[in-house]
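Now for the letters of each chain:
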Amino acid sequence: DEGNFSLSLSVAGVQRAVLRVERDGFAVNFRTFELTPSADLRVDAVLAPLETLACAAGTCASPDGNLQIADLDPTFSATAQIFNPTTDTEAFPGNFEDDAGNLLISGVFSYVELKDSDGNGVDTLNAEATLSMEIPYATRSAVGDEVVGNSQIDVPLYAFDAVSGTWEREGSGVLVDGAGALIPEDKLADIRGGTFGGAVVARGSVDHFSYWNVDWPIESHGCIHGQIVDENGQPANSALVQVAGATYVGTSRPRVTSENGIFCAEAMRSEGSDGRR
């Protein structure tokens with residue numbers, strides 16, 4: 001009744017685990033972490049309620065319009081939730097990293113559930129749909145342009161792999177304004193500086209649904225190294241350590257201390273080579 005749970009697993013060596021928590025009417029919550037044979041971890045999960053999207057003629061949109069899916073089968077219905085990475089960190093699936101080990105700065109992410117006319121869940125589409133997610137003001141300073149010189153702002157799209165518990169790059173999108181018009185490259189500085197007026201929307205083609213994310217990978221990062229001890233000064237074996245960003249959006253992958261209480265947690269450097277936090 002209090003929402004508590006306990007799982008006992010057989011573990012050999014160091015193994016990655018993906019915890020999946022789901023409830024009807026809520027976005028699935030995924031937590032990714034590494035286990036050791038002696039680990040005794042507390043892993044909390046927060047479930048975010050889904051909104052019913054208004055669907056007509058193959059287009060479904062959230063009540064406030066910050067999430068839209070076009071080019072769908074007109075018989076589909078949808079529920080979804082869009083998240084602000086600065087305020088909804090606990091809802092972020094897995095960790096702020098991709099399958100190549102790069103740390104990620106998230107601009108916006110969303111979760112979508114589709115159903116056909118018979119009420120059956122639809123994960124993979126027969127034809128690509130167009131997903132549009134509005135980037136909140138709080139993360140616009142992280143926006144970058146992948147392709148320079150083509151008169152548009154290209155942004156990376158990532159999908160969450162529920163089996164591996166990591167984010168995988170799946171194509172690119174472009175930035176458009178609230179009316180759906182392409183935002184030209186020369187407006188990038190205004191977007192990052194907070195002076196661009198109106199909505200900034202990431203739009204791209206997708207062929208399946210669950211979690212999608214607009215991210216910027218950062219290859220340059222460091223390691224926070226230390227030791228955890230208990231109240232008696234003894235090394236704390238199997239303590240769970242996670243680093244949360246203060247000047248960037250994101251958290252490190254949870255690390256479990258060794259027998260001597262030592263840990264090394266990856267963290268974003270304060271400034272990237274292009275000036276992004």
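Quick note: structure is the one above.
Okay, so let's go over this structure. Treat the numbers as computed from the prediction; the structure is a model and nothing was measured. (Residues numbered from 1 in each chain as written. Predicted model: local features only at pLDDT ≥ 70, side-chain atom pairs only at ≥ 80, totals over all residues. Heavy atoms only, no water.)

## Re the layout of surface pockets
Next, step 1: When its volume is computed, the largest pocket comes out at roughly 700 Å³.
Next, step 2: Lining the largest pocket we find 26 residues, and of these Phe-5, Ser-6, Leu-7, Leu-41 and Val-43 sit closest to its centre.
Next, step 3: Counting only elements with at least two residues in the lining of the largest pocket, the list comes to strand S1 (15–21) and strand S2 (29–35).
Next, step 4: Broken down by element, the residue count for the lining of the largest pocket peaks at five residues, all from S1.
Next, step 5: In terms of residue class, the lining of the largest pocket is made up of 16 nonpolar, five polar and five charged. (1 Å grid on protein atoms, 1.4 Å probe; cavity = no way out; pocket = protein on both sides within 12 Å on 5 of 7 lines; lining within 4 Å. Points joined across faces, edges and corners; volume = space filled by probe spheres on them. Helix = DSSP H or I, 4+ residues; strand = E, 2+ residues; numbered from the N terminus. Nonpolar A, V, L, I, M, F, W, Y, C, P; charged D, E, K, R; others polar.)

## Some thoughts on the nonpolar core
Next, step 1: One finds Leu-72, Leu-114, Leu-175 and Phe-209 to be the most contacted residues of the largest nonpolar core, which totals 35 residues.
Next, step 2: Contributions of two or more residues to this core are made by strand S6 (67–70), strand S7 (77–83), strand S8 (103–115), strand S10 (124–134), strand S11 (154–161), helix H1 (188–193), strand S13 (201–208) and strand S14 (211–218).
Next, step 3: For this core, the element with the highest residue contribution is S10, accounting for four residues.
Next, step 4: Filtering out sequence-adjacent residues up to four positions away, Leu-72 remains in contact with Gly-58, Cys-60, Leu-114, Leu-125, Ala-129 and Phe-209. (Core = buried A, V, L, I, M, F, W, Y, C linked by side-chain atoms within 4.5 Å. Buried < 20%, exposed > 50% of the residue type's maximum accessible area, 1.4 Å probe, protein only. Contact = heavy atoms within 4.5 Å.)

## Here we look at the state of the cysteines
Next, step 1: Across all of its chains, the model carries one disulfide by this definition.
Next, step 2: Disulfide pairing is shown between Cys-55 and Cys-60; the S-S distance is 2.0 Å. Disulfide Cys-55-Cys-60: torsion about the S-S bond near 115°, hence right-handed.
Next, step 3: With a relative accessible area of 34%, Cys-55 lands in the partly exposed category. (Disulfide = S-S within 2.5 Å.)

## Side note on the pairing of S6
Next, step 1: Bridge count for strand S5 (residues 59–61) against S6 is two bridges, and the pairing is antiparallel. Each bridged residue has a counterpart across the sheet, and for Ala-61 the counterpart in S6 is Gln-68.
Next, step 2: Linking two consecutive strands that pair antiparallel, namely S5 and S6, is a turn of five residues; a positive phi of about 80° is found at Gly-65 within it.
Next, step 3: The sheet contact formed by S6 and S10 spans four bridges and is antiparallel. Within the sheet, the bridge partner assigned to Ala-70 lies in S10 and is Thr-130. (Pairing = 2+ DSSP bridges.)

## Concerning the side chain of Thr-166
Next, step 1: By the element assignment, Thr-166 lies in strand S12 (residues 166–176).
Next, step 2: In contact with Thr-166, other than residues within four places in its own chain, are Arg-16, Asp-98, Asp-99, Ala-159, Phe-160 and Asp-161.

## Some remarks on the pairing of S14
Next, step 1: For S14, a buried count of seven out of eight residues is recorded, marking the element as mostly surrounded by other parts of the structure.
Next, step 2: Sheet analysis places S11 next to S14, joined by three bridges and oriented antiparallel. The partner of Ala-159 across the bridge, within S14, is Trp-212.

## Some words on the pattern of salt bridges
Next, step 1: Throughout the structure, instances matching the rule amount to four salt bridges.
Next, step 2: With a closest N to O distance of 3.6 Å, Arg-16 and Glu-97 form a salt bridge. One end of the pair, Arg-16, is in strand S1; the other, Glu-97, is in the loop between S7 and S8, and 81 residues separate them in sequence.
Next, step 3: For Arg-16, a relative accessible area of 35% translates into the label partly exposed.
Next, step 4: The shortest N-O distance in the salt bridge between Glu-146 and Arg-169 comes to 2.8 Å. Separated by 23 residues along the polypeptide, Glu-146 in the loop between S10 and S11 and Arg-169 in strand S12 bring together distant segments of the chain.
Next, step 5: What makes Glu-146 partly exposed here is its relative accessible area of 36%. (Salt bridge = Lys/Arg side-chain N within 4 Å of Asp/Glu carboxyl O.)

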